[in-house]
Amino acid sequence: IIVYILAILLPILIIAIEKSGILFLEAISLIKARILLLFGNSKAAKKILISLVTKYPDSYIGHKKLAEVYEKEGGMRKAIDEYVKVIDINKQDYNSYYKVADLLTNLDKKDEAVQMLNNLLQKKPEHIQAAKLLGDILIEQQKYKEAAYVYNDALKYSPTDYDLNYNLGIVYTMLNDFQNAKMCYEKASALNTLEYNSKYSLAEIALIYKELEEAEQYFMQAIQDPELEADSYLELARISLIRGEKEK
């Protein structure tokens, strides 16, 4: 009975797998590689995957899995090569575009990463991770106007994203546009009440406008963040000095 059932089911399974675009032998190799990775044997898994993509150069899943293995091992250049092959096979794999840009950033090839991210956002403008990474690089390169454009465009697709609003606030601060910066920080603060960086930034803007009471309120909230606590106390001390409250 078992042999009879297998004689019927196995051919059906093989046909179903191959209809999905995956060859049966390719599927077997991928299953073996995944099992080996599950048990921590990345060396043997990598050997199977290399053999797979050598035999089937157009194996989308094979190249992608191999790229992930290289990335996990820290072989960023080899991972990039595999992700590029993945993109060549499937031009719609936008996450692999992002992976290449992210790896290029880690290799300090920022200009290449910027080019890759710009191409990605032209094809898929709603890719928020790509917009965040591109904005971060542009801020680092002090290209604040370009970063503002990237963040504003991304906010059309994800207006309630804390990081986009907060980072746009940083950009406006660097451009000395404190009014717009304040609006961004206020929105970020409302989106995540437990994130205190936006409150600290609002306090600094209030100080610029000499709104001491407002600044004091925001610094008092920022104290709750261990990383901002010391700086917040220092700024509160300065406010007290301005008011002549030396003991405080």
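Structure's up top.
Scope of this entry: the structure provided in the associated data block. (Residues numbered from 1 in each chain as written. Predicted model: local features only at pLDDT ≥ 70, side-chain atom pairs only at ≥ 80, totals over all residues. Heavy atoms only, no water.)

Once that is clear, we can look at the packing of helix α11 (residues 178–191) against helix α12 (residues 197–208). A pair of packed helices is characterised by two quantities: the angle between their axes and the separation of those axes. At their nearest, the axes of α11 and α12 sit 9 Å apart, and the two run at 150 degrees to each other. It follows that α11 is roughly antiparallel to α12 by the angle criterion. Here α11 and α12 pass one another in a crossing that is left-handed. Here F178, A181, K182, Y185, E186, A188 and S189 of α11 come into contact with α12, specifically with S198, K199, S201, L202, I205 and I208. When the residues that make up the contact of α11 with α12 are grouped by side-chain class, the tally is 7 nonpolar, 3 polar and 3 charged. (Axes fitted to C-alpha atoms, helices over the stretch in contact; angles between N-to-C directions. Helix = DSSP H or I, 4+ residues; strand = E, 2+ residues; numbered from the N terminus. Parallel < 35°, antiparallel > 145°, perpendicular 65-115°, else oblique. Left-handed = near helix turned anticlockwise from the far one by under 90°. Contact = heavy atoms within 4.5 Å. Nonpolar A, V, L, I, M, F, W, Y, C, P; charged D, E, K, R; others polar.)

Attention now goes to the packing of aromatic side chains. Across all of its chains, the model carries 4 aromatic pairs by this definition. With a centroid separation of 5.8 Å and 5 degrees between ring planes, the pair formed by Y162 and Y166 is classed as stacked. With Y162 and Y166 both in helix α10 (residues 162–174) and 4 residues apart, this pair spans about one turn of that helix. (Phe/Tyr/Trp six-rings, centres within 6.5 Å; stacked < 30°, edge-to-face > 60°.)

Along the chain, the position of V86 falls in helix α5 (residues 76–89). Remark: the alpha-carbon pair of V86 and K65, spanning 21 residues in sequence, is separated by 9.7 Å. If near-sequence neighbours (up to four positions away) are discounted, V86 is found in contact with Y60, H63, K64, D93 and S96.

Another point: the packing of helix α8 (residues 128–140) against α10. Relative to each other, α8 and α10 sit at 20 degrees, their axes nearing to 11 Å. Taken together, the axes of α8 and α10 are roughly parallel relative to one another. The chirality of how α8 crosses α10 is left-handed. Across the interface between the two elements, I128, K132, D136 and I139 from α8 touch D163, L164, N167 and V171 from α10. Among the residues forming the contact of α8 with α10, the class breakdown is 4 nonpolar, 1 polar and 3 charged.

This brings us to helix α14 (residues 226–242). For α14, which comprises 17 residues, the first-to-last C-alpha distance of 25 Å matches the rise-based estimate of 24 Å (1.5 Å per residue) to within 8%. Turning to α14, its buried residues number three or more, namely L228, S232, E235, L236, I239 and S240. N-cap assignment for α14: the residue whose side-chain oxygen lies 2.9 Å from the backbone N of E227 is D225. One or two positions beyond α14, positive phi appears at G244, with a value near 85 degrees. (Expected span 1.5 Å × (residues − 1). Buried < 20%, exposed > 50% of the residue type's maximum accessible area, 1.4 Å probe, protein only. Polar contact = N/O pair within 3.5 Å; in protein donor to acceptor, adjacent residues only side chain to side chain.)

Another aspect to go through is the layout of surface pockets. By volume, the largest pocket amounts to about 240 Å³. Lining the largest pocket are 13 residues, and of these N118, L121, L134, Y149 and V150 sit closest to its centre. Secondary-structure elements contributing two or more residues to the lining of the largest pocket are α7 (110–123), α8 and α9 (144–155). Top contributing element to the lining of the largest pocket by residue count: α9, with 5 residues. Taken together, the residues that form the lining of the largest pocket break down as 9 nonpolar, 2 polar and 2 charged. As for the second largest pocket, its lining consists of L37, G40, S42, K65, E68, V69, K72 and E73. The biggest single contributor to the lining of the second largest pocket is helix α4 (residues 60–73), with 5 residues. (1 Å grid on protein atoms, 1.4 Å probe; cavity = no way out; pocket = protein on both sides within 12 Å on 5 of 7 lines; lining within 4 Å. Points joined across faces, edges and corners; volume = space filled by probe spheres on them.)

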